[in-house]
Every structure is written in structure tokens, then in C-alpha cells.
Amino acid sequence: MCDPTAASFGSGAISAIGGAMQASQANKAAKRDYEYKLKVRENRWMRERSTYQTKQVQYQTNLSEANIAAQRAYSKSQSSLNNIRSKALLDHQEDFKSMLKAEGAIEASAAERGIRGNLVQRMKAMNIAELGRANAARTRAMTMSREAYFEHNAGIARKLRSKQNQLFGQVAIMPVPDLPPPKPVMQNVGATLFLGLAGAAFDAAGTRASTKAPGG
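Criteria and thresholds
- Residues numbered from 1 in each chain as written.
- Predicted model: local features only at pLDDT ≥ 70, side-chain atom pairs only at ≥ 80, totals over all residues.
- Heavy atoms only, no water.
- Helix = DSSP H or I, 4+ residues; strand = E, 2+ residues; numbered from the N terminus.
- Buried < 20%, exposed > 50% of the residue type's maximum accessible area, 1.4 Å probe, protein only.
- Contact = heavy atoms within 4.5 Å.
- Areas by Shrake-Rupley, 256 points an atom, 1.4 Å probe, with all protein chains shown as cover.
- 1 Å grid on protein atoms, 1.4 Å probe; cavity = no way out; pocket = protein on both sides within 12 Å on 5 of 7 lines; lining within 4 Å.
- Points joined across faces, edges and corners; volume = space filled by probe spheres on them.
- Salt bridge = Lys/Arg side-chain N within 4 Å of Asp/Glu carboxyl O.
- pLDDT = per-residue confidence, 0-100.
- Core = buried A, V, L, I, M, F, W, Y, C linked by side-chain atoms within 4.5 Å.

**Focus: the overall build of the protein chain**
For the protein chain, the helix and strand inventory stands at three helices and zero strands. Listing the helices and strands of the protein chain from first to last along the sequence gives α-α-α. When burial is assessed residue by residue, the protein chain has 18% of its 216 residues classed as buried. Sequence separation of at least 24 residues holds for 90% of the intrachain contacts in the protein chain that already meet a minimum separation of 6. Working note: accessible area of the protein chain is about 15,800 Å², and carbon and sulfur atoms make up 59% of it.

**Topic: the layout of surface pockets**
Approximately 170 Å³ is the volume attributed to the largest pocket. Forming the walls of the largest pocket are A66, A69, A70, A73, K76, S77, S80, H152, I156, K159, L160 and K163. Elements with a contribution of two residues or more to the lining of the largest pocket: helix 1 (4-113) and helix 2 (118-169). The biggest single contributor to the lining of the largest pocket is helix 1, with seven residues.

**Let's talk about the pattern of salt bridges**
Here the structure, examined in full by the defined rule, presents seven salt bridges. Between E42 and K39 there is a salt bridge whose closest N-O contact spans 3.9 Å. Residue E42 and its partner K39 are both found in helix 1; the two are separated by three residues, about one turn of the helix. You can call E42 partly exposed: its relative accessible area is 39%. The partner of E151 in a salt bridge is R158, and the shortest N-O contact between them spans 3.5 Å. Classification of E151 as partly exposed rests on a relative accessible area of 48%. Judged by relative accessible area, R158 falls into the partly exposed class, the value being 45%.

**Observations regarding the environment of K55**
Along the polypeptide, K55 turns up in helix 1. By relative accessible area, which is 44% here, K55 ends up partly exposed. When the C-alpha atoms of K55 and V171 are compared, they prove to be 6.6 Å apart, with 116 residues separating the residues in sequence. Once residues within four sequence positions are removed from consideration, K55 is found in contact with Q170 and V171.

**A few points about the side chain of S145**
Relative to the assigned elements, S145 resides in helix 2. Take S145: its relative accessible area is 17%, and that puts it in the buried class. In this structure S145 touches L81 and I84, once residues within four positions along its chain are discounted.

**Some thoughts on the confidence of the model for the protein chain**
Overall, the prediction assigns the protein chain a mean pLDDT of 81, with 76% of residues at 70 or greater. Averaged pLDDT values for the elements of the protein chain fall to 53 in helix 3 (residues 189-211) and rise to 91 in helix 2.

**Here we look at the nonpolar core**
Counting five residues, the largest nonpolar core consists of Y52, Y59, L63, L167 and V171. Top element by residues in this core is helix 1. It accounts for three residues. Once residues within four sequence positions are removed from consideration, Y59 is found in contact with L167, F168 and V171.

**Regarding the environment of T51**
Mapped onto the elements of the fold, T51 is located in helix 1. On the basis of relative accessible area, T51 is assigned to the partly exposed category, the value being 43%. Separated by 124 residues in sequence, T51 and P175 place their C-alpha atoms 9.5 Å apart.

**A short note on the environment of Y149**
Residue position: Y149 is located in helix 2. Taking relative accessible area as the criterion, Y149 reaches 13% and is therefore assigned buried. Sequence spacing of Y149 and L81 is 68 residues, and the spatial spacing of their C-alpha atoms is 7.0 Å. Residues contacting Y149, with those up to four places away along its chain left out, are S77, Q78 and L81.

Structure representation (C-alpha cells):
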């Protein structure tokens, strides 16, 4: 006949061992899941760093191109202003020559006609005044050209700053790694087995006590 005490302890021991095995399997599964999450986090961080480094290289390239384009625009603007100045100087020289030629013609004509005094001086003054009006017109044109030059350069600077800010906005925020996943809380396999066996022993003791004959 089967000893009920042994049967009770055996059943409890099997249950304790099963519980310990389940705890061990759960620990292994939790560890695998934790390691998988760490690997996913590492791969994601590597991709983000690589993408950001690519953006930084592209940022430097685009920034250099924007600065070069601005310098070209500045140079073109300066060249245009220089051309206007050169033309104004040449025009003044031509007008001055024409003024001298006209003055000579006035004197020659006056001499041939026997004209002298205030009339000749008035004619010369009118000739000089014509040169003065031409110079005044050139001065106004030069002033307007300089104002346009400075305004144009200010527009170039505004566009460059806007482009620089736009490009910097693409790399302004550096990536940071995600927080690591929380470590799994492992079950104590030894304690589970010990408590299970202890419980089985108590149960077996209780079974023995309940089946023991009175006075036995």
C-alpha cells in the first residue's frame, strides 16, 4: 500500500521542482527580451548618429556654397558700382573737353565778330554752367547708385543669414540615446524550490498527522 505521507511529499516536490523550472524559464525569457531591447536601442542609436553625421557633412557643404554664392553676389555688386563710377569719370572728362572746345569756339567767334566784354563772359559762364549741370546730374546718379549698392548688399546679407539659419536648423538638435530599458526583475529559483519543498514537507507532515492512528 502506498504511503500517503510519501505520496503527498512527492507530489509537492514535483510541484516545487516544476515551479522552480518555470521560474528559471521565465528568467531566461526575461533576459532574452532585455538583451533584445538593448540591441534594438544600440542599433537605433547607431543609425541616428550616422544620419546626424551625414547631415553635418551636408550642412558644411551647403553652408560653404551659400557663403560662396553671397561673395559672388557682393563681387558682382561692387563691379557694377565700379563700372558706374568709371563711366561717370569718363563722361566728365568728355564733357570737360567739350566745354573747353566750346569755350575756344566762343572766343574765336567773338573775335571774328568783334564782340568783347560782358557778352563774351556771359557766354563762357553759360558754357561752364552746362558742365556744372551735367556734373550735378552725374553726382545725383552716383548717389542713387551707391544707395542701391548698399541696399542690394543688405539684401544679400539678409538672404545669407536666412539661409544659414535654415541650414543650422537641420543640425541644431543633436541626437541623444534613448534611456535603456529597465532591467528585468529575476525570480529566485533557489528560493522558489526551497519554499516549494518546504511546503511539500509541511503538507506531508500534515498528511502523516491526519492518517496516524490515535494513540499510535
